[in-house]
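Descriptive analysis of the structure
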Amino acid sequence: MSQPSMWEALRGVVRRDLLLAMRHRSDVAMSVFFVVIVASLFPLGVGPEPTVLRMIGPGVLWVTALLACLLSLGRLFTADYLDGVLEQMLLIPQPLVVLVVGKVFAHWVFSGLPVVLLSPLLGLQFGLGGDSLGVLTLSLLLGTPTLSMIGAIGAALTLGLRGSGFLVALLVLPLFVPVLIFGAGAVTSSLAGIGSEANLSLLGACFLLSLAFAPWATAVALRIALE
Amino acid sequence: MQWGSLTEFWAMGGYGLYVWTSFGASALCMVWEVLAVWRRHAAAASRDVS
Amino acid sequence: MSFTGINWFKYSSPQAFHPLAGRMIPWFSAAALVLIGVGLYIGFFVAPTDFQQGDAYRIIFVHVPAAWMSMFLYVIMAAWAGLGLGLNARPSFMMAQAIAPTGAMFTFLALLTGSMWGKPTWGAWWVWDARLTSELILLFQYIGIILLRASIDDLRRADRASAVFALVGVVNVPIIYFSVRWWNTLHQGASVSMTASPKMAATMVTAMLVMTLGFWMYSIAVTLARMRCVIVERERQPAWGKNASIQEVAEAR
């Protein structure tokens, strides 16, 4: 029997996780509705003043996306950990990093991507328009995978611990700060008419940096958790 | 020596509250930490013997 | 494995380290007391009043050393953690565990004294300056490491998981510092700059450096003392007891 290549292993993991997620569609719907509801609460709390809403909009939407990612992190490894599949997965001949990348990608497709697709609508609620809507979507498209990758480290470190929900927030939120700053900054600067290229490229740098380090750290953390 | 009297020293040119809060809090934290470590060691050592 | 005649590896075992640390603590404590005393004397009685900030500037004699220590200690903690992961060495993890609370305390002090200095100087208790923000995030990371360790019962996993997080945090803090600086240039509103500090007299610098050295000595003394606690506490763990199987002891190491 020939061993599957790394690419095939990656595709296998992604397909499996996507299939599993498709069978629990209500989970996905929940994270999407969470974002919609939280984003709709802010105008009710702050008041309908359009200039104020436009000012806080980028930050609010970004923080909402961040929280949605955080809440969905529990799903990333827990189910596989509880039924013992994860332990079997550590034994595959391919590097564990490949598996991590696959799982994180599948997680992003069902937690980050819906937020990205929904963001233009949510932006309209806050009176964003034209260019800034595009920048919001683009910044979330670059930023949410980064959040998923960084969050995976926290999810792996707290795997199976009591009170891991709060703990993962405590560990991961400080690591999300740069992404939040650049992501919301991109939209704010496009609203101010300064141009969002600088912020977007820094966001891209964050993405590349976390792509280079986060799956590797997650793999180490998974091995520690399952030893 | 730039302080004419003790009250002048305490006043710190009008900033006494800020200066003494800072130094007081730092001293308090450090003393508390030393005591905490001391007690932790005492507790650990006593349980070790029993 | 001898190194200039002394077997350094002897001290890498907890049982040998415990008495050695006990002998070293009084010396470092004495050095800390003397240096902090001298630093306070220079700071309060030799250093002149600043003509711009008045006597409020004297807060920096505790603020700057505390801020420096908070960062030094984090880097040192992460280095021990990395060494522990690389060499699979238990004492390194114990060092990292011993350093974390002291580092967190200095971070807290740096934030507190920073706001005490900021109120009279800037007129605000808190400013979203790059240094303050990264110091705040540093505090969150210290707390995260301590809580992560506390919530894992298995010692080996606790050691390694908190080590991984400490190492991730080392990358994070500089990124946050630069991102907040960048962010501040975008939001010109709160343009209070901490970097435009007035020229300092030589005695001020001396007081600051002596205080920093004193804090170093204090940190070493407290860390060694806490290391002793950790060693004693861990010896009580089942894997260290006389009835433990060889395999259990081997796993614990």
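Please refer to the structure placed before this passage.
Not measured: the values here are computed from a predicted model. (Residues numbered from 1 in each chain as written. Chains lettered and ligands numbered in written order. Predicted model: local features only at pLDDT ≥ 70, side-chain atom pairs only at ≥ 80, totals over all residues. Heavy atoms only, no water.)

1. Section: the overall build of chain C
For chain C, the helix and strand inventory stands at seven helices and zero strands. For chain C, the N- to C-terminal ordering of α and β elements is α-α-α-α-α-α-α. Taking all 253 residues of chain C together, the buried fraction comes to 51%. Contacts in chain C between residues far apart in sequence, at least 24 positions, make up 78% of those at least 6 positions apart. As displayed, chain C has an accessible area near 11600 Å², and 70% of this comes from carbon and sulfur atoms. (Helix = DSSP H or I, 4+ residues; strand = E, 2+ residues; numbered from the N terminus. Buried < 20%, exposed > 50% of the residue type's maximum accessible area, 1.4 Å probe, protein only. Contact = heavy atoms within 4.5 Å. Areas by Shrake-Rupley, 256 points an atom, 1.4 Å probe, with all protein chains shown as cover.)

2. A word on helix 7 (residues 131-157) of chain A
The terminal C-alpha atoms of helix 7 of chain A lie 39 Å apart, and with 27 residues this matches the ideal 39 Å at 1.5 Å per residue to within 8%. Along its length, helix 7 of chain A shows its largest kink, about 25°, at Leu141(A), and proline Pro145(A) lies within four residues downstream of that point. (Expected span 1.5 Å × (residues − 1). Bend = angle between axes of the 7 residues up to and from the residue.)

3. Here's the deal with the side chain of Arg226(C)
Note that Arg226(C) resides in helix 6 (residues 202-235). Polar side-chain contacts of Arg226(C) include one of 2.7 Å to the backbone oxygen of Ala98(C). The contacts of Arg226(C), once residues within four sequence positions are left out, are Glu33(B), Val37(B), Arg40(B), Ala98(C), Pro101(C) and Thr102(C). (Polar contact = N/O pair within 3.5 Å; in protein donor to acceptor, adjacent residues only side chain to side chain.)

4. What about the interface of chain C and chain A?
Contacts between chain C and chain A engage 28 residues on the former and 28 residues on the latter. Of the roughly 2400 Å² buried where chain C meets chain A, counting both sides, 75% is carbon and sulfur surface. Linking chain C with chain A are three salt bridges, by the criterion used here. Here Glu227(A) ties to Arg156(C) by a salt bridge, and the two come within 3.1 Å at their closest N and O atoms. At the surface where chain C touches chain A, the tally comes to five residue pairs in polar contact (both at pLDDT 80 or more). Within the residue set of the side of chain C that touches chain A, elements represented by two or more residues are helix 4 (130-150) and helix 5 (155-186) of chain C. Looking at the side of chain C that touches chain A element by element, the count peaks at 16 residues for helix 5 of chain C. (Buried area = accessible area lost by both parts, 1.4 Å probe. Salt bridge = Lys/Arg side-chain N within 4 Å of Asp/Glu carboxyl O.)

5. Focus: the side chain of Thr133(C)
With respect to the helices and strands, Thr133(C) occurs in helix 4. Overall, the relative accessible area of 7% leaves Thr133(C) in the buried class.

6. Description of the state of the cysteines
Tallying each qualifying case throughout the model produces zero disulfides over all chains. You can see Cys69(A) has no disulfide; the closest cysteine sulfur is in Cys206(A), sitting 14 Å from it. A residue is classified by how much of its surface remains accessible, and Cys69(A), at 7% relative accessible area, is buried. Cys229(C) provides the cysteine sulfur closest to Cys29(B), a residue in no disulfide bond, and the two sulfurs are 18 Å apart. On the accessibility criterion, Cys29(B) (16% relative accessible area) is buried. (Disulfide = S-S within 2.5 Å.)

7. A look at the interface of chain C and chain B
Opposite the 42 residues of chain C that make contact, chain B presents 26 residues. At the boundary of chain C with chain B, total buried surface from both sides reaches about 2900 Å², with 70% on carbon and sulfur atoms. Looking at the side of chain C facing chain B, the largest losses of area belong to Phe44(C), Phe45(C) and Arg236(C), adding up to 21% of the total buried there. Counting across the chain C and chain B interface gives two salt bridges. Between Arg40(B) and Glu233(C) there is a salt bridge, and its shortest N-O distance comes to 2.8 Å. In this assembly, chain C and chain B are joined by five residue pairs in polar contact (both at pLDDT 80 or more). Counting residues per element, the ones that place at least two in the side of chain C that touches chain B are helix 1 (14-46), helix 2 (60-87), helix 3 (90-122) and helix 6 of chain C. If you tally residues by element for the side of chain C that touches chain B, the top one is helix 3 of chain C, at twelve residues. Of the residues in the side of chain C that touches chain B, the class split is 27 nonpolar, seven polar and eight charged. (Nonpolar A, V, L, I, M, F, W, Y, C, P; charged D, E, K, R; others polar.)

8. Observations regarding the packing of aromatic side chains
By the definition in use, this model includes 16 aromatic pairs over all chains. Centroid distance Phe9(B) to Phe44(C): 5.8 Å. Interplanar angle 75°. Geometry classified as edge-to-face. Of the two residues, Phe9(B) is situated in helix 1 (residues 6-11) and Phe44(C) in helix 1; the pairing between them involves two chains. With respect to class, Phe9(B) is no different from Phe44(C); both count as buried. Given the relative accessible area of 12%, Phe9(B) is considered buried. One aromatic cluster in this structure is built from Phe9(B), Trp20(B), Phe23(B), Tyr41(C), Phe44(C) and Phe45(C). (Phe/Tyr/Trp six-rings, centres within 6.5 Å; stacked < 30°, edge-to-face > 60°.)

9. Overview of the packing of helix 1 of chain C against helix 6 of chain C
All names here are of chain C. Helix 6 packs onto helix 1 with a crossing angle of 155° between their chain directions and a minimal axis gap of 7 Å. In this view, helix 1 runs roughly antiparallel relative to helix 6, as classed from their interaxial angle. For helix 1 against helix 6, the interelement crossing comes out left-handed. (Axes fitted to C-alpha atoms, helices over the stretch in contact; angles between N-to-C directions. Parallel < 35°, antiparallel > 145°, perpendicular 65-115°, else oblique. Left-handed = near helix turned anticlockwise from the far one by under 90°.)

10. Section: the pattern of salt bridges
Throughout the structure, instances matching the rule amount to twelve salt bridges over all chains. A salt bridge links Arg160(C) to Glu227(A); the shortest N-O distance between them is 3.9 Å. Placement of Arg160(C) in helix 5 and of Glu227(A) in the segment after helix 9 (197-226) is noted, with the two residues assigned to different chains. Overall, the relative accessible area of 10% leaves Arg160(C) in the buried class. Put simply, Arg16(A), Asp17(A), Asp80(A) and Lys103(A) are held in one network by salt bridges that share partners.

11. Description of the arrangement of the chains
No other pair of the two pairs of chains in contact has as many contacts as chains B and C. Taking C-alpha atoms as the reference, chain A and chain B come no closer than 24 Å and do not contact one another.

12. Looking at the environment of Ile176(C)
Residue position: Ile176(C) is located in helix 5. Relative accessible area serves as the criterion here: at 0%, Ile176(C) is assigned to the buried category. The spacing of Ile176(C) and Ser134(C) is 42 residues in sequence and 5.9 Å in space, taken between C-alpha atoms. Those residues within four positions of Ile176(C) in sequence are excluded, and the remaining contacts are Pro174(A), Val177(A), Pro178(A), Ser134(C) and Ile137(C).

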